Amino acid sequence: MPYDPELVAPMRREMVDLGAKELTTAKSVEEFFKAKKGTALLFVNSVCGCAAGSARPGLKLALSGDHKPDRIATVFAGQDTDATAAARAHFKQFPPSSPSAVLFKDGEPVFFLPRHMIEGRDAPSVAFELVGAFDEFCAKK
Amino acid sequence: MGTFHSDKGELHGITVVVETSGRRVYVGRCDEESRAGIILLDADHHDDGADGKSTADYLRFAARYGIFKKHDRVAIPRAEIKKITRLGDLPRS
């Protein structure tokens, strides 16, 4: 059962403030994935404080680095269920995980940061993982 | 900012690997650990050699990508538990 919208509103806002496009419907997800060229990050947001509490600040830190994805979007697991299912269909080789982050290059998933690599870690540790992927896949050559 | 949880032990909310005294290994999110055992949510299990996969192969994939859950909830008695490790602490390659 979804949490109270008022409870999750600040968690949604954190992502929007980072410049992420919030995808709340399956249609908006498909619109986002229509564009294939370049790099795109999809962040699967979550209420859980054990992991999401460091995932969002970790992403913020990572995005302050030299390289970052061309586009960022987010779905909210457990809240926007249709949008989350539609998004996961684009990386179904990876087990469902929230919070998590998937980096796409030219439409193909090239990096996956699952929940178990986030939980119990602080924001800089999460950023370390993401920056490594951004440097590898998002640097303009 | 996140939700708050009651005190269910330091592994609450953490994805763990539970090695048993038999061929079976479990991976799931720890809900609660006590003297009685451990309760995992959204869990999977693997029996060494099942589907032609060793436990090492299974855990290598799990460490990189996570698991496809087979159980909403599973309780593992303390007497069956050999070792509990955080999945995030396993090498990913």
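Each remark here, short or long, concerns the structure printed above.
Residues numbered from 1 in each chain as written. Chains lettered and ligands numbered in written order. Predicted model: local features only at pLDDT ≥ 70, side-chain atom pairs only at ≥ 80, totals over all residues. Heavy atoms only, no water.

Some thoughts on the pattern of salt bridges
Residues and elements named next belong to chain B.
Okay, so step 1: Following the criterion strictly, the structure yields 15 salt bridges over all chains and no others.
Okay, so step 2: With its nearest N and O atoms 2.8 Å apart, the salt bridge here joins D44 to K70. One end of the pair, D44, is in strand β3 (residues 37–47); the other, K70, is in the loop between α1 (55–65) and β4 (71–77), with 26 residues separating them in the sequence.
Okay, so step 3: With relative accessibility at 6%, the residue D44 sits in the buried group.
Okay, so step 4: Taking the relative accessible area as the measure of exposure, K70 reaches 52% and is therefore exposed. (Salt bridge = Lys/Arg side-chain N within 4 Å of Asp/Glu carboxyl O. Helix = DSSP H or I, 4+ residues; strand = E, 2+ residues; numbered from the N terminus. Buried < 20%, exposed > 50% of the residue type's maximum accessible area, 1.4 Å probe, protein only.)

What about the environment of R35(B)?
Okay, so step 1: In this structure, R35(B) sits in the loop between β2 (24–34) and β3.
Okay, so step 2: When the C-alpha atoms of R35(B) and E19(B) are compared, they prove to be 16 Å apart, with 16 residues separating the residues in sequence.

Some thoughts on the interface of chain A and chain B
Okay, so step 1: Each partner contributes to the interface: chain A provides 25 residues, whereas chain B provides 22 residues.
Okay, so step 2: A combined buried area of about 1,700 Å² lies between chain A and chain B, and 59% of that area is made up of carbon and sulfur atoms.
Okay, so step 3: Viewed at the interface, chain B and chain A are joined by 2 salt bridges.
Okay, so step 4: Summed over the shared surface of chain A and chain B, the result is 6 residue pairs in polar contact (both at pLDDT 80 or more).
Okay, so step 5: Taken together, the elements giving at least two residues each to the side of chain A that touches chain B come down to α1 (5–17) and α3 (52–62) of chain A.
Okay, so step 6: A class-by-class count of the residues in the side of chain A that touches chain B yields 13 nonpolar, 5 polar and 7 charged. (Contact = heavy atoms within 4.5 Å. Buried area = accessible area lost by both parts, 1.4 Å probe. Polar contact = N/O pair within 3.5 Å; in protein donor to acceptor, adjacent residues only side chain to side chain. Nonpolar A, V, L, I, M, F, W, Y, C, P; charged D, E, K, R; others polar.)

Description of the sheet that holds strand β2 (residues 39–45) of chain A
Where strands meet in a sheet, backbone hydrogen bonds hold them as pairs that are either parallel or antiparallel.
Residues and elements named next belong to chain A.
Okay, so step 1: With mixed pairing, the 5 strands of this open sheet are ordered in space as β1-β3-β2-β4-β5. Strand pairing shows two members of the sheet lacking a second neighbour, β1 (21–22) and β5 (108–113), which therefore form its edges.
Okay, so step 2: Where β1 meets strand β3 (residues 71–76), 2 bridges bridge the pair, whose relative direction is parallel. Each residue of the ladder has a partner; that of E22, found in β3, is T74. (Pairing = 2+ DSSP bridges.)

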